Amino acid sequence: MGCRGWRRLYPKSGPCRICGRELHLGDTGACRLCTKQAYVLRPRRHALDLEGANRHGQQLYFADTERRLQLLNPKSSRRRYEPAPPPPPPLVPAGHRQMALFPPEGRDLRRGQERGFPDVDAPEVAAALRASVDDYAQHHGLRYYTAWSLDRGVRVLLSIQDTPGARFLASDVLLLRDLDLPARPLLRLLAQIDMLDDDRIPNIVPWFRERTAGLPEPMAGELAVWFELKLSGSTTAPRVKARPHRWIQRMVTNALPALRAWADQDKDSLRSITRADVVAVLPDRGTPRVDMLQGLRHILRPLKNRRIIFTDPTARIFCGMPTTTIPLPVEVDALRRVLHDQEVPRAALAALAIFHALTTGHLRMLKTTDLRDGRLFLPSRTILLADPVRSRLAAYLDYRNHRWPRTANPHLFVSQTTGCGVEPVSNVWINDVLGMPTSRLREDRLLHEAEATGGDPRRICDLFGLSVGAALRYTGTIDQPGLVEHNLRNADRRRG
């Protein structure tokens, strides 16, 4: 890069007056190597001596590392160290927001990149944000390009902000994706320093509106009240705890068939629902009955506590027991394919699930400090790792150190998204990397152990930390004809 910049800055070529080679010459009539040699050996506050510096030879260096050679010159190292500049004042967001006379309908940042962004009117805010970016990059071990991208994203946001010093809108931060700038790390950074105004609409809000669009207006309004309670929670009596989005989706999905059936029967409001109506729409038995009644109870009971409906029609209705499922093994070819895969993260995840029956939650929360001395230290038990697992984990650690050498994430498994943060990977990422649910590999390992021990539940409880009831689910399947045939077929393949 230095040679290219030198040729672009000094396009004129000729014989160097120091070494005589035919090269691109600078203002002093010397080539770049002779000039750099003089700069390296120049004492502090002295003129440049080209002849004296190159009289006894020249020091060669690798490309783009010439600045380090100044440490070899004792005269140039005698510098007066100036005190570090004082830290910028703490960043306090502005308490007002300037309204735009003609607010833009949509910002095109690519047009700004082509024509240039306006200058920032708040140098104090820009300096404080730059210090926050440097601290965030150092704390999370970000590379130079990622830290530079964060700093550029902050400068772009300052240039398009209507009120200097106010909190940044999350919708404006997401526009940085058009410029290939990291939006998620910037959202986390702004949230940490209290400079983020999250105006995003959660994905569950349009999902809920779409699912309840065909219901009568009074019933939809009552469901909307329940949705707001479970989404945001309430601190006023009776207090309601905010629930995760996946929980809300599951309850609405379970109760929606009953709600649509009542709407078809011309029942406009949940206040008119009786116990007989609930019993009429419930399935006879099994898991569908349990799921539907559970969803209706979690919807109607909070509405009754809030006095939106008069009674809870689901009270004292026996839901029965869910249908028991039979764990199924996995074909040997599928296990070999995922265990010997060329992708190092996939092989490491598969080894932990196949040999030691770890759950998705265990894989997500594993940390690098939990792996030591050939053992895996979980909160509930300690696992002595098998040799195939050790080799694959060693390969994964080499891959992790090479891919994210400076990451501050303490978790063992890191993705492209979590490499710049400290949060664990998601369940979806683990299942996507494996190509199948982790529960299938876990069930196959537990079934194999149940068969090897002759159906001893105590052995399964000690090895894998299961309860007695969970262990009996696997030991009760060793005599089933289908599983016996499957095990014999897999044994033949192993021998083959």
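Placed above this text is the structure.
Nothing here was measured: the structure is a model prediction, and the numbers come from that model. (Residues numbered from 1 in each chain as written. Predicted model: local features only at pLDDT ≥ 70, side-chain atom pairs only at ≥ 80, totals over all residues. Heavy atoms only, no water.)

Enquirer: Kindly report on the overall build of the protein chain, identifying the contributing residues and their values.
Expert: A tally of helices and strands in the protein chain yields 22 helices and seven strands. Its C-alpha atoms give the protein chain a radius of gyration of 33 Å, more than 25% over the compact-globule value 23 Å for 496 residues. For the protein chain, the spread of C-alpha atoms along the three principal axes comes to 100 × 75 × 40 Å. Buried positions account for 40% of the 496 residues belonging to the protein chain. Contacts in the protein chain between residues at least 24 apart in sequence constitute 59% of all its contacts with a sequence separation of at least 6. The positive charge centre, built from 75 side chains, and the negative charge centre, built from 54, are 5 Å apart in the protein chain. (Helix = DSSP H or I, 4+ residues; strand = E, 2+ residues; numbered from the N terminus. Rg over C-alpha atoms; globule rule 2.2 N^0.38 Å. Buried < 20%, exposed > 50% of the residue type's maximum accessible area, 1.4 Å probe, protein only. Contact = heavy atoms within 4.5 Å. Lys, Arg positive; Asp, Glu negative; His and termini not counted. Charge placed at Lys NZ, Arg CZ, Asp CG, Glu CD.)

Enquirer: Just give me the short version of the packing of helix α19 (residues 438-452) against helix α21 (residues 468-475), but keep the residues and values in it.
Expert: It is at 9 Å that the axes of α19 and α21 come closest, and there the two elements cross at 75°. Taken as axis vectors, α19 and α21 run roughly perpendicular relative to one another. Where α19 approaches α21, its residues Glu443, Leu446, Leu447 and Ala450 are matched on the opposing element by Arg473, Tyr474 and Thr475. Its residues assigned to classes, the contact of α19 with α21 comprises four nonpolar, one polar and two charged. (Axes fitted to C-alpha atoms, helices over the stretch in contact; angles between N-to-C directions. Parallel < 35°, antiparallel > 145°, perpendicular 65-115°, else oblique. Nonpolar A, V, L, I, M, F, W, Y, C, P; charged D, E, K, R; others polar.)

Enquirer: Describe the side chain of Ser149, with residues and values.
Expert: Structurally, the position occupied by Ser149 is in helix α6 (residues 144-160). Of note is the side chain of Ser149, whose polar atom sits 2.8 Å from the backbone oxygen of Tyr145. (Polar contact = N/O pair within 3.5 Å; in protein donor to acceptor, adjacent residues only side chain to side chain.)

Enquirer: Please set out the environment of Thr438 residue by residue, giving values where relevant.
Expert: With respect to the element layout, Thr438 can be found in helix α19. C-alpha separation for the pair Thr438 and Pro182, spaced 256 residues apart in sequence, amounts to 30 Å. In contact with Thr438, other than residues within four places in its own chain, are Ala353, Leu358, Thr359, Thr360, Leu363, Ile430 and Asn431. In this structure the side chain of Thr438 is engaged in a polar contact, spanning 3.3 Å, whose partner is the side chain of Thr360.

Enquirer: Any details on the pattern of salt bridges? Residues and values, ideally.
Expert: Applying the stated rule across the entire model yields 14 salt bridges. Here Arg188 ties to Glu423 by a salt bridge, and the two come within 3.2 Å at their closest N and O atoms. In this pair, Arg188 sits in helix α8 (residues 184-192) while Glu423 sits in the loop between α17 (387-403) and α18 (427-434), placing the two residues 235 residues apart along the sequence. The partly exposed category is assigned to Arg188, whose relative accessible area is 21%. For Glu423, a relative accessible area of 26% gives the class partly exposed. The salt bridge partner of Glu449 is Arg445, with a shortest N-O separation of 3.0 Å. Of this pair, Glu449 and Arg445 are both found in helix α19, four residues apart, which corresponds to roughly one turn of the helix. Residues Glu449 and Arg445 agree in their burial class; the two are buried. Three or more residues are tied together by salt bridges with common partners; here these are Arg130, Asp151 and Arg155. (Salt bridge = Lys/Arg side-chain N within 4 Å of Asp/Glu carboxyl O.)

Enquirer: Which residues make up unusual backbone geometry, and what values go with them?
Expert: Of note, the amide linkage connecting Ala237 to Pro238 takes the cis form, showing an omega dihedral of -5°. A positive phi angle is found at Arg316, which is not glycine, with a value near 60°. Considering the arrangement of structural elements, one finds Arg316 in the loop between α13 (286-305) and α14 (332-339).

Enquirer: A description of the packing of aromatic side chains should follow, citing residues and the corresponding values.
Expert: Per the counting criterion, the structure on display carries six aromatic pairs. Taking 4.3 Å as the distance between ring centres and 10° as the angle between the ring planes, the aromatic pair formed by Phe208 and Phe227 counts as stacked. Within this pair, whereas Phe208 is found in helix α9 (residues 204-211), its partner Phe227 is found in helix α10 (residues 217-232), the two being separated by 19 residues in sequence. Its relative accessible area of 3% is what places Phe227 among the buried residues. Taking 4.9 Å as the distance between ring centres and 40° as the angle between the ring planes, the aromatic pair formed by Tyr396 and Phe413 counts as tilted. (Phe/Tyr/Trp six-rings, centres within 6.5 Å; stacked < 30°, edge-to-face > 60°.)

Enquirer: A description of the nonpolar core should follow, citing residues and the corresponding values.
Expert: Nonpolar side chains tend to gather and get buried jointly when the protein is soluble and globular. Within the largest apolar cluster, 34 residues are counted, with the highest numbers of intra-cluster contacts made by Trp226, Leu259, Trp262 and Leu270. Elements supplying a minimum of two residues to this core: α9, α10, α11 (245-264), α12 (275-281) and α13. With 10 residues, α11 is the single largest residue contributor to this core. Apart from residues lying up to four places away in sequence, Leu270 is in contact with Met219, Glu222, Leu223, Leu259, Trp262, Leu300, Leu303 and Ile309. With 31 residues, the next largest nonpolar core counts Leu335, Leu378, Ile383 and Phe413 among its residues. (Core = buried A, V, L, I, M, F, W, Y, C linked by side-chain atoms within 4.5 Å.)

Enquirer: Tell me about a nonpolar patch on the surface, and please be specific about residues and values.
Expert: On the surface, Tyr144, Tyr145 and Trp148 cluster together into a nonpolar patch covering about 430 Å² of accessible area. Summarising the element assignment, Trp148 is placed in helix α6. (Patch = residues over 30% accessible without salt bridge, like charges linked within 9 Å, V, L, I, M, F, W, Y side chains within 5 Å. Areas by Shrake-Rupley, 256 points an atom, 1.4 Å probe, with all protein chains shown as cover.)

Enquirer: So, the environment of Met99: which residues are in play, and what are the values?
Expert: Position of Met99 among the secondary structure elements: in the loop between α3 (50-53) and α4 (109-115). Judged by its relative accessible area of 66%, Met99 falls in the exposed class. Taking the C-alpha atoms as reference points, Met99 and Leu363, separated by 264 residues in sequence, lie 48 Å from one another.

Enquirer: Quick one: what's the story with the sheet that holds strand β6 (residues 375-377), residue by residue and with numbers?
Expert: The sheet built from three strands is open, its strands ordered β5-β6-β7 with antiparallel pairing. At either end of the open sheet lies a strand with only one pairing partner, and these are β5 (371-372) and β7 (382-384). Relative to β7, β6 is paired through three bridges, and the arrangement is antiparallel. Across the sheet, residue Leu376 finds its bridge partner in β7, namely Ile383. (Pairing = 2+ DSSP bridges.)

Enquirer: Any details on the environment of Leu378? Residues and values, ideally.
Expert: As for its position among the elements, Leu378 is in the loop between β6 and β7. Placed 16 residues apart in sequence, Leu378 and His362 show a C-alpha to C-alpha distance of 8.0 Å. Every residue in contact with Leu378, bar those within four places of it in the chain, is listed here: Leu358, His362, Leu366 and Ile383.

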